[in-house]
Amino acid sequence: MNIKLAMLLTTLCFSASVMAADWDSKATYKGGETVNYQGKNWKAKWWNIGDIPGTAQWGPWELISSASPAPTIKPTMIPTAVPTIKPSPTAAPTLAPTTKPTTAPTIKPTTTPTITPTIKPTTTPTATPTIKPTITPTPSIAPTVAPTIAPTPAPTVAPTAAPSASPTPNNGTTSCAPVWNPDEIYRPNLGAVVRSAYGQNYQANYYSSNIEPSTNSSTGGAWKSLGACTGASTPRASGPESIAEAQAHEAAALNTPYLKMVRASVATLDNKLVEQVTPGNQSNPANVKRVEGIVSQQKWDYFFPEINPGYTYTNFLRGVAKFPSFCADYTDGRNADQICRRVVAAFFAHVVQETGNHSASSPNPKWRQGLTALREGGDGNGSAAYTSGCDDANWQKLFDGTLACGKTPDGKWISYYGRGAHQISYIFNYAPLSLAIYGDRAVLRDNPDLVASTWLNMASALYFFVTPQPPKPSVLHTLDGTWVPNAVDTAGGLGNDFPTTSQIINGECMSNPIKPTAQARNDFYAEFARELNLDISKESMKCTDMKGFSGGSSAAVAIYWNKSEETADNPAPTKYQCRLTSEQSGFSALIDNQYTQCVEAKWAVKLK
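Read on for an overview of the structure.

1. Here we look at the state of the cysteines
Then step 1. One pass over the full model with this rule turns up five disulfides.
Then step 2. Covalent S-S linkage joins C327 and C340, the inter-sulfur distance amounting to 2.1 Å. An S-S torsion of about 85 degrees defines the bridge between C327 and C340 as right-handed. A residue pair is termed long-range when its members are at least 10 positions apart, and C327 in the loop between α7 (313-322) and α8 (336-355) and C340 in helix α8 qualify at 13 residues.

Next up, the structure:
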């Protein structure tokens with residue numbers, strides 16, 4: 001006995017030594033953190049909160065250990081095997097001890113219990129209102145629990161041998177499975193498929209589409225009847241879903257912690273409120289006030305002595321107001337003021353590189369020559385180029401007309417040349433920006449010069465600063481630590497540092513030796529950091545030999561709506577629906593109501 005007890009204690013100590021802290025549904029986990037859930041160790045692949053480990057195949061948790069936790073031993077238990085247990089006065093088959101049955105009108109099915117053969121309690125278990133489920137003699141087959149148990153002097157074991165773990169036909173007390181959909185493809189070879197139709201549950205026997213279960217459930221049919229069920233089970237007619245159904249599908253797909261976090265980071269303030277922002281206004285949003293505390297009007301004027309009059313301090317503050325995530329508060333202990341200094345220094349460094357004079361003859365150092373270029377090619381008519389894709393029918397069809405170009409009064413294509421602090425160019429940048437600012441692609445399609453002549457000349461640059469472009473994370477999340485690089489990223493030299501933001505913007509850090517423009521960005525960042533009292537002495541400034549962001553990056557997430565078609569990674573699609581993919585399309589999941597537009601465009605239908 002002492003030897004067995006010692007062995008058991010040793011096992012307990014060993015198990016405890018490899019177990020991580022228990023998973024907490026209310027805790028926030030960052031990439032790389034480990035937890036224990038139901039006896040298994042899991043590692044977070046990215047930021048998450050409330051995601052139960054192991055419940056989603058492509059979820060944020062990675063199984064790193066399947067070791068079971070140490071068993072809990074009550075003081076009254078003796079770790080020795082008991083060959084037989086005397087049950088109640090009525091004879092019963094030899095089983096692990098069961099509780100004395102108490103009258104209970106119904107019981108709820110539970111998962112199959114795990115039987116530990118070496119430890120059995122010798123004390124009489126205290127009866128509880130819930131009766132222990134019947135155990136089937138065949139361990140590989142999940143037992144069927146009868147819906148009601150009449151109290152008897154002793155439990156009666158009724159072994160059930162089912163050929164698989166599929167649901168067993170019932171007497172109508174089982175809830176109906178999801179309703180069979182004539183526009184859905186069913187592939188049971190990828191996993192059990194159960195659907196309902198007209199008050200019955202059915203299990204798919206083989207690949208099928210548009211085969212109604214009640215008409216094809218005989219021997220050898222596409223479906224097998226599992227018995228009656230209660231609940232909604234009337235199939236819908238084939239055809240497009242309603243607007244309400246489309247909105248429900250969109251909401252369900254977006255209901256993940258990661259997408260919620262990313263969508264929150266690109267959320268915008270109403271334009272009417274943005275235009276009320278002025279320097280020193282007590283009603284300015286909180287993030288604007290934080291920026292004002294770091295960059296005053298006086299400091300702004302010092303930073304940009306050669307500024308184009310179109311750029312103003314007010315426009316800068318309004319651009320900040322438009323994107324509340326820029327210099328926002330953090331609730332997880334991160335220092336919001338220090339992060340704000342860092343993102344402002346990085347923002348100004350990139351802005352100077354994009355819009356600066358870069359003149360060696362200027363009395364001002366190059367890092368103070370920014371915001372001079374408002375329109376590419378000067379402030380006249382700009383460049384006549386940048387109409388690529390406008391007359392490409394195949395390209396326009398690929399993006400379902402979402403990148404359609406505008407025309408001048410004389411019938412020529414409008415030129416989408418570089419404008420604003422980020423010098424954005426081409427329709428494929430103007431259209432998404434217009435959607436984010438106005439909720440309408442046509443505004444900047446037809447009036448692109450608003451990016452130069454209004455507060456959009458600063459807001460356009462901040463839009464690209466806070467918006468991810470999978471497989472690349474946003475510049476903001478790179479600098480504030482929200483994005484957590486994985487092994488693929490770190491192997492490519494990518495991390496939470498300023499040079500990685502240069503790689504995000506234009507891939508300047510892939511060569512060796514360092515490119516002059518990349519070095520200039522580094523130098524500008526260092527100058528602004530010094531002026532803003534930001535210590536970057538411990539930050540990597542290596543901007544050579546980096547790899548490009550790839551599909552293996554932790555930032556390679558699906559944020560675009562595309563047609564739900566049968567492909568290798570989508571083997572069981574549904575007609576008249578769209579799904580999230582990493583393949584760029586004209587429909588972004590970061591903007592509301594884009595799912596409906598995707599369905600209507602991709603399936604050539606009109607939802608009602």
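Further notes follow.
2. Side note on the side chain of S434
Then step 1. Tracing the backbone shows S434 in helix α10 (residues 427-438).
Then step 2. The class for S434 is buried, based on a relative accessible area of 0%.
Then step 3. Side-chain polar atoms of S434 contact the backbone oxygen of R441, separated by 3.4 Å.
Then step 4. Leaving out residues up to four positions away in the same chain, S434 has contacts with G439, D440, R441, A442, V443 and L444.

3. A few points about the pattern of salt bridges
Then step 1. As enumerated under the stated definition, the model contains 21 salt bridges in all.
Then step 2. For K563, the salt bridge identified is with E565, shortest N-O distance 3.9 Å.
Then step 3. Residue classification places K563 among the partly exposed positions, given a relative accessible area of 25%.
Then step 4. By sharing partners, the salt bridges in this structure join D183, R236 and E245 into a single network.

4. Structural notes on the packing of aromatic side chains
Then step 1. Summed over all chains, the structure comprises 32 aromatic pairs.
Then step 2. Taking 4.9 Å as the distance between ring centres and 70 degrees as the angle between the ring planes, the aromatic pair formed by Y386 and Y426 counts as edge-to-face. A residue pair is termed long-range when its members are at least 10 positions apart, and Y386 in the loop between α8 and α9 (393-398) and Y426 in the loop between α9 and α10 qualify at 40 residues.
Then step 3. The exposure class of Y426 is partly exposed, given its relative accessible area of 24%.
Then step 4. Plain terms: the ring middles of W395 and F428 are 6.2 Å apart, the flat faces sit at 75 degrees to each other, and that makes the pair edge-to-face. Here F428 lies in helix α10 and W395 lies in helix α9, a separation of 33 residues in the sequence.
Then step 5. Residue F428 is classed as partly exposed on the basis of its relative accessible area of 35%.

5. So, the pairing of strand β2 (residues 34-37)
Then step 1. In the sheet, β2 pairs with strand β3 (residues 40-44) via four bridges, with the strands oriented antiparallel. Each bridged residue has a counterpart across the sheet, and for Y37 the counterpart in β3 is K40.
Then step 2. Connecting β2 to the antiparallel partner β3 that follows it, the hairpin turn spans two residues, and Q38 within it adopts a positive phi of roughly 55 degrees.

6. Let's talk about the nonpolar core
Then step 1. F316, F326, F347 and F348 are the most contacted members of the largest nonpolar core, which has 105 residues in total.
Then step 2. Top contributing element to this core by residue count: α8, with twelve residues.
Then step 3. Those residues within four positions of F316 in sequence are excluded, and the remaining contacts are V291, W300, F347, F348, M458 and L462.
Then step 4. Formed by eight residues, the second largest nonpolar core is a distinct cluster that contains W180, A197, Y202 and W223.

7. Details of helix α2 (residues 243-254)
Then step 1. End to end, α2 covers 16 Å across twelve residues, agreeing with the expected 16 Å (1.5 Å per residue, within 8%).
Then step 2. Where α2 is concerned, the buried positions are A246, E250 and L254. Each buried residue of α2 lies within a common arc of 65 degrees when the element is viewed along its axis, so the set occupies one face. In α2, the exposed positions that point more than 90 degrees away from the buried face belong to A244 and A252.
Then step 3. On the buried face of α2, the contacting elements are α3 (257-265), β12 (560-563) and α18 (594-603).

8. Focus on α8
At 3.6 residues per turn, the α-helix brings residues three or four places apart onto the same side.
Then step 1. A rise of 1.5 Å per residue sets the reference length of α8, with its 20 residues, at 28 Å; its end C-alpha atoms lie 28 Å apart and thus fit the reference within 8%.
Then step 2. Among the 20 residues that make up α8, 16 are buried, leaving the element largely enclosed by the rest of the structure.
Then step 3. Looking at where α8 begins, the residue whose side-chain oxygen comes 3.1 Å from the main-chain nitrogen of D337 is N335.

Definitions and limits used
Just so you know, the residues in each chain are numbered from 1, in the order the chain's sequence is written. In keeping with the predicted nature of the model, local features appear solely for residues at pLDDT of at least 70, side-chain atom pairs appear and are counted solely at 80 or more, and the whole-chain, interface and lining totals rest on all residues. By convention in this description, side-chain values take in all heavy atoms of the structure and omit both hydrogens and water. Disulfides are defined in this document as cysteine sulfur pairs within 2.5 Å. The helix count covers DSSP runs of H or I at least four residues long, the strand count covers runs of E at least two residues long, and both are numbered beginning at the N terminus. The buried label applies to any residue whose accessible area, calculated with a 1.4 Å probe on protein chains only, is under 20% of its type's maximum; exposed applies above 50%, and partly exposed to all values in between. A 3.5 Å cut-off defines polar contacts: any pair of N or O atoms within that distance qualifies, except that in protein one atom must be a possible hydrogen donor and the other a possible acceptor, and neighbouring residues in sequence count only when both atoms are side-chain atoms. Contacts: residue pairs with any heavy atoms within 4.5 Å of one another. Note on definitions: salt bridges are taken to be side-chain nitrogens of Lys or Arg within 4 Å of carboxyl oxygens of Asp or Glu. Centres within 6.5 Å are what make two rings of Phe, Tyr or Trp a pair, Trp counting through its six-membered ring; a difference in plane orientation under 30 degrees is then read as stacked, over 60 as edge-to-face, and the rest as tilted. Strand pairing is assigned whenever DSSP detects at least two bridges linking the two strands. By nonpolar core is meant a set of buried Ala, Val, Leu, Ile, Met, Phe, Trp, Tyr and Cys residues that side-chain atoms within 4.5 Å join together. One less than the number of residues in a helix, times 1.5 Å, gives the span that helix is expected to have. Comment: arc refers to directions from the helix axis out to C-beta atoms.

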